[in-house]
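# A closer look at the structure
The lines below spell out each chain.
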Amino acid sequence: EFVWLSARLLDRHRFAHLFRDGDADAVVEALLAYRNSDGGFGNALEPDLRAPVSQPGATAIAFEALAELGRLDDPMVGNALGYLETITNPDGGVPFVLPSAREYPRAPWWQTDDDPPSSLLMTGYLAAPLHGGGVEHPWLERASKYCWDATEALDYTSAYDARFAVAYLDHVSDAKLAESTLERIGPRLLESGLVALDPDEPGEIHTPLDFTPNPELRSRALWSDEVIDRHLDALATGQHADGGWTFTWKAWAPMVECEWRGVVTVRAVTILRDYGRLA
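The following refers to the structure shown.

About the criteria used
- Residues numbered from 1 in each chain as written.
- Predicted model: local features only at pLDDT ≥ 70, side-chain atom pairs only at ≥ 80, totals over all residues.
- Heavy atoms only, no water.
- Helix = DSSP H or I, 4+ residues; strand = E, 2+ residues; numbered from the N terminus.
- Rg over C-alpha atoms; globule rule 2.2 N^0.38 Å.
- Buried < 20%, exposed > 50% of the residue type's maximum accessible area, 1.4 Å probe, protein only.
- Contact = heavy atoms within 4.5 Å.
- Areas by Shrake-Rupley, 256 points an atom, 1.4 Å probe, with all protein chains shown as cover.
- Lys, Arg positive; Asp, Glu negative; His and termini not counted.
- Charge placed at Lys NZ, Arg CZ, Asp CG, Glu CD.
- 1 Å grid on protein atoms, 1.4 Å probe; cavity = no way out; pocket = protein on both sides within 12 Å on 5 of 7 lines; lining within 4 Å.
- Points joined across faces, edges and corners; volume = space filled by probe spheres on them.
- Nonpolar A, V, L, I, M, F, W, Y, C, P; charged D, E, K, R; others polar.
- Salt bridge = Lys/Arg side-chain N within 4 Å of Asp/Glu carboxyl O.
- Expected span 1.5 Å × (residues − 1).
- Arc of directions from axis to C-beta.

With that settled, the discussion passes to the overall build of the protein. Counting its regular elements, the protein contains 12 helices and 0 strands. What you see in the protein, going N to C, is helices and strands ordered as α-α-α-α-α-α-α-α-α-α-α-α. Relative to the globule expectation of 19 Å for 279 residues, the C-alpha radius of gyration of the protein, 18 Å, shows essentially globular dimensions. Projected onto its principal axes, the C-alpha positions of the protein cover 45 × 45 × 35 Å. In the protein, buried positions account for 53% of the 279 residues. For the protein, restricting intrachain contacts to residue pairs at least 6 apart in sequence, the fraction spanning at least 24 positions comes to 62%. With the model as given, the accessible surface of the protein reaches about 12,900 Å², and the carbon-plus-sulfur share is 50%. Once the 23 positive and 44 negative side-chain charges of the protein are each reduced to a mean point, those two points are 2 Å apart.

The structure is reproduced here in structure tokens:
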């Protein structure tokens, strides 16, 4: 009921596809409204970034949605990869946000230099679903080298960088190297304090379920059954009276909060389903 009442059209179609045998084509068609002529995505597909112009963050969300459908062979992907080639730095990485965002409303954290550096968060976010879907492309080869190098240099000061380094390792095709890297970085990640092992920890937190939203992922080995069960219990009881879930980062505008709640509600029920908590 919350999804039908409050979520964006895109997320209503995603929910229908995931839980009501809805048509995957409806999700693809909804995504088209966020696509720009340069092949990238914008138009507040990333709710905190209201710019109509293409941005890597919105493009990553499009890849994630198409991967969820098993539709990474859609022509939109090839066009978006062409767009990414135009904004990628010489080291193979993609900036967190492009300067074109400055002209539009956005969350306080969407700030950028005139010549923004590469971001492990954003490059890993873009590359992970493509690897998971078996996409092959020259852009992905260069981005993958950047992600490997940046993961090796990870300083464990940013939970977001760590999350998307783990997401990259969960999906990259070289399983043996990814598993050994996860085994090596796992203890440092746990010691860093970036992961909230206590689901009741206040503030903006990053939980094991944020890092490992599906039990089939390689990173599931990082967490004990006890920790995962505790966070699943907390996620299940975190549903609000209106039927939806909410988030722990700052809600800076009413419409943004409404849109994000639709996104995280679909995500919450998907995690609970994948971990066997839904009938």
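Before going further, it helps to examine the layout of surface pockets. Taken as a whole, the second largest pocket encloses approximately 180 Å³ of empty space. Along the walls of the second largest pocket sit Glu 1, Phe 2, Val 3, Trp 4, Phe 15, Arg 20, Gln 239, Asp 242, Gly 243, Trp 245, Thr 265 and Val 269, which together make up its complete lining. The biggest single contributor to the lining of the second largest pocket is helix α1 (residues 2-6), with 3 residues. When the residues that make up the lining of the second largest pocket are grouped by side-chain class, the tally is 6 nonpolar, 3 polar and 3 charged.

A side chain with one charge may pair with a side chain of the opposite charge, provided their charged atoms come close. Taken as a whole and assessed by the stated rule, the structure comprises 16 salt bridges. For Asp 11, the salt bridge identified is with Arg 14, shortest N-O distance 2.9 Å. Residue Asp 11 and its partner Arg 14 are both found in helix α2 (residues 9-19); the two are separated by 3 residues, about one turn of the helix. Neither residue differs from the other here; Asp 11 and Arg 14 are each classed as buried. Across the pair Arg 71 and Asp 25 runs a salt bridge whose closest N-O atoms are separated by 2.8 Å. Of the two residues, Arg 71 is situated in the loop between α4 (56-69) and α5 (75-87) and Asp 25 in helix α3 (residues 24-32); the sequence distance between them amounts to 46 residues. Take Arg 71: its relative accessible area is 24%, and that puts it in the partly exposed class. On the accessibility criterion, Asp 25 (33% relative accessible area) is partly exposed.

Our next topic: helix α11 (residues 225-237). When the terminal C-alpha atoms of α11 are compared, their 18 Å separation across 13 residues agrees well with the 18 Å that a helix rising 1.5 Å per residue should span. Every buried residue of α11 is listed here: Val 227, Ile 228, His 231, Leu 232 and Leu 235. Buried residues of α11, seen end-on, are gathered within an arc of 130° and therefore sit on one face of the element. Exposed residues on α11 whose side chains face more than 90 degrees from its buried face are Asp 225, Glu 226 and Thr 237. In this fold, the buried residues of α11 make contact with α10 (208-211) and α12 (254-274).

One non-glycine residue, Asp 21, adopts positive backbone phi at about 55°. Considering the arrangement of structural elements, one finds Asp 21 in the loop between α2 and α3. Even without glycine at this site, Tyr 156 takes up a positive phi of about 60°. Here Tyr 156 is to be found in the loop between α7 (138-152) and α8 (159-171).

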